[in-house]
Amino acid sequence: MSDYTPKPEHKFTFGLWTVGNIGRDPFGEPVREPLSPVELVQLLAEVGAYGVNFHDNDLVPIDATPPERDKIVANFKKALADTGIVVPMATTNLFSDPTFKDGAFTANDPKVRAYALQKTMNAIDLGAELGASIYVFWGGREGTETDAAKDPITAIKRSREAMNFLCEYVLDQGYDLKFALEAKPNEPRGDIYNSTTGHMLAFIETLDHPEMVGVNPEVAHEHMAGLNFVHGVAQAMESGKLFHIDLNDQAFGRYDQDFRFGMVNLKSAFFLVKLLEDNGYDGDRHFDAHAYRTEDYEGVKDFARGCMRTYLILKEKAERFNADPEIQELLAEINADDGSMEAFKGAYAAEKAAALKAHTFNRAVLGARGMKYERLDQLTVELLLGVR
Ligand code: GLT
Ligand code: MN
Ligand code: MN
């Protein structure tokens, strides 16, 4: 029997807002009493997490005075020191306060846009003070219900201006901090700009400091858009832009359910873990999810333990997949290369192009080949079901 105990090297993190979720939804009042940030750190230590992330206002209330802020931060630091829990990531709440009802960096009111920058600089200071090296931007309110209200091109330009400003702020302060942009197609706005990880990757290349900015893809958000999350994450990894990841789960076509990792789509969770592990992802594995509304705090611990345990089980399954002789034989056969195309491979050359144009291919033979993906997938399913 394998050991599925979470260890610091797994870099399992949770937001204060995840285990601290009190179960409020649009139709119902909270079902759990709020825990303080210190209590949440203790809960995370008890379940074996490595790190804690927060929005500025998860830790410091929006209307706290400077002395109140300092006291809260001092208590929090003590809890971190006592438990060994670290703060790898921080972010700004630019969505709860009514000020942000029309967005933050893309709001039509210039005062709101300026306030959003001010709030973010303060929150970056807070994150840096607590040791964060990744700073997440999730623009939940950066969108519209009606496109009569906001010009989408202006909105993109405003987003860019804000990111450029904040990158310079980080450089100016000498912080060792990188930004990770998190996409979501809708909710809470009717439509949100830069709605997928792919949009974000393209947007990043237009910034003044693209090297400082990557993505923070979230399973649920890409599934809301009907996309293959594994492919989106692969694209981010391949371009060196996977700075952070939000692991959770949800059924396709639903609102943002933020379920326990692996709760719904086990097979895509498996391919995701395999992708991350096979390619040496060394960032945090952040669970941006929360316990069912039916749970008390024992259930919240079950939820948190479940996220980490499922990840580790899937990691072991990925190792088995890579070591399974039948699966590997099949993969070798599927990817077999008899060397006959060597002359046509690689970079363009005029002679190569001419030779390739002159070559005769036997389409009937190529098209008749059975690829054996049915067998391969069935073996994968059986491995996941625990019968191999
Ligand atoms: C919010 C959202 C998440 C984001 C968080 C960071 S807050 O809970 O649903 O996906 O990652 O701002
Ligand atoms: Mn979410
Ligand atoms: Mn998220």
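Owing to the predicted nature of the structure, the values given are computational and were not obtained by experimental measurement.

Participant: Tell me about the coordination of the manganese ion (ligand 2), and name the residues and values.
Facilitator: Around the manganese ion (ligand 2), the donor atoms from the protein are Glu 218 (OE), His 221 (NE2), Asp 256 (OD), Asp 256 (OD) and Asp 258 (OD), and they sit 2.0 to 2.8 Å away. Read N to C, the donor residues that coordinate the manganese ion (ligand 2) are spaced as E-x2-H-x34-D-x1-D. A spacing of 4.4 Å is found between the manganese ion (ligand 2) and the manganese ion (ligand 3), which share Glu 218 as a donor. On the accessibility criterion, Asp 256 (10% relative accessible area) is buried.

Participant: Could you give an account of unusual backbone geometry, with specific residues and numbers?
Facilitator: Most of the time, phi is negative for any residue but glycine, and the peptide bond is trans. Each neighbour pair has its own omega, and for Glu 187 with Pro 188 the value is 10 degrees, a cis peptide bond. Examined against the element boundaries, Pro 188 turns out to sit in the loop between β6 (178-182) and β7 (191-192). Even without being a glycine, Lys 11 presents a positive backbone phi close to 55 degrees. A relative accessible area of 25% means that Lys 11 is categorised as partly exposed.

Participant: Summarise the site of ligand 1; cite the residues concerned and give the values.
Facilitator: All residues adjacent to ligand 1 are Trp 17, His 55, Thr 91, Phe 95, Trp 138, Glu 182, Glu 218, His 221, Asp 246, Asp 256 and Asp 288. A distance of 3.3 Å is found between an oxygen atom of ligand 1 and a side-chain nitrogen or oxygen belonging to His 221. The separation between an oxygen atom of ligand 1 and a polar side-chain atom of Asp 246 is 3.1 Å. For ligand 1, whose accessible area on its own is 310 Å², the fraction buried by protein is 90%. Under a 2 Å grid-point criterion requiring more than half of the atoms, the pocket assigned to ligand 1 is the largest pocket.

Participant: Account for the layout of surface pockets, naming residues and giving values.
Facilitator: Taken as a whole, the largest pocket spans an internal volume of roughly 1,600 Å³. Along the walls of the largest pocket sit 45 residues, with Trp 17, Asn 21, Arg 24, Asp 258 and His 290 positioned nearest its centre. Looking at the lining of the largest pocket, the elements that each hand over two or more residues are α1 (16-19), α2 (37-47), α3 (56-59), β3 (89-91) and β4 (134-138). Tallied by class, residues from the lining of the largest pocket come to 17 nonpolar, 14 polar and 14 charged. What the second largest pocket holds in volume is close to 320 Å³. As for the second largest pocket, its lining consists of 16 residues, and the residues nearest its centre are Asn 57, Val 60, Ile 62, Arg 69 and Asn 122. Looking at the lining of the second largest pocket, the elements with two or more residues in it are α3, α4 (66-83) and α5 (110-129). Looking at the lining of the second largest pocket residue by residue, the class counts come to 8 nonpolar, 4 polar and 4 charged.

Participant: An account of the packing of aromatic side chains is needed here, citing residue identities and associated values.
Facilitator: As enumerated under the stated definition, the model contains 17 aromatic pairs in all. Pairwise contacts between aromatic rings join Phe 12, Phe 14, Phe 261, Phe 287, Phe 303 and Tyr 311 into one cluster.

Participant: Lay out the nonpolar core in plain terms, naming residues and giving numbers.
Facilitator: In terms of nonpolar packing, the biggest core is built from 94 residues, with Phe 14, Phe 76, Phe 179, Phe 261 and Leu 272 touching the most fellow members. When residues in this core are grouped by element, the largest group, 11 residues, is from helix α11 (residues 297-323). Beyond its immediate chain neighbours, meaning those up to four positions away, Phe 76 contacts Leu 16, Pro 37, Val 38, Val 41, Val 52, Phe 54, Leu 59, Val 87 and Leu 130. Of all hydrophobic cores here, the second largest spans 5 residues; its members include Met 89, Ile 134, Ala 180 and Phe 243.

Participant: Would you mind going over the coordination of the manganese ion (ligand 3) in detail, with residue names and values included?
Facilitator: Only Glu 182 (OE), Glu 218 (OE), Asp 246 (OD) and Asp 288 (OD) from the protein reach the manganese ion (ligand 3) as donors, at distances of 2.0 to 2.2 Å. Metal-centred angles of 75 to 166 degrees between the 6 donor atoms at the manganese ion (ligand 3) mark the site as octahedral. Read N to C, the donor residues that coordinate the manganese ion (ligand 3) are spaced as E-x35-E-x27-D-x41-D.

Participant: Explain the side chain of Thr 197 to me, and be specific about the residues and the numbers.
Facilitator: Inspection of the secondary structure puts Thr 197 in helix α7 (residues 197-204). Beyond its immediate chain neighbours, meaning those up to four positions away, Thr 197 contacts Ala 183, Val 215, Pro 217, Glu 222 and Gly 232.

What counts and how
- Residues numbered from 1 in each chain as written.
- Chains lettered and ligands numbered in written order.
- Predicted model: local features only at pLDDT ≥ 70, side-chain atom pairs only at ≥ 80, totals over all residues.
- Heavy atoms only, no water.
- Donors = N, O, S within 2.8 Å, 3.2 Å for Na, K, Ca; no water.
- Buried < 20%, exposed > 50% of the residue type's maximum accessible area, 1.4 Å probe, protein only.
- Helix = DSSP H or I, 4+ residues; strand = E, 2+ residues; numbered from the N terminus.
- Near = heavy atom within 4 Å.
- Polar contact = N/O pair within 3.5 Å; in protein donor to acceptor, adjacent residues only side chain to side chain.
- Areas by Shrake-Rupley, 256 points an atom, 1.4 Å probe, with all protein chains shown as cover.
- 1 Å grid on protein atoms, 1.4 Å probe; cavity = no way out; pocket = protein on both sides within 12 Å on 5 of 7 lines; lining within 4 Å.
- Sits in = over half its atoms within 2 Å of the grid points.
- Points joined across faces, edges and corners; volume = space filled by probe spheres on them.
- Nonpolar A, V, L, I, M, F, W, Y, C, P; charged D, E, K, R; others polar.
- Phe/Tyr/Trp six-rings, centres within 6.5 Å; stacked < 30°, edge-to-face > 60°.
- Core = buried A, V, L, I, M, F, W, Y, C linked by side-chain atoms within 4.5 Å.
- Contact = heavy atoms within 4.5 Å.
- Tetrahedral: all angles 85-135°; square planar, octahedral: opposite > 155°, others 65-115°.

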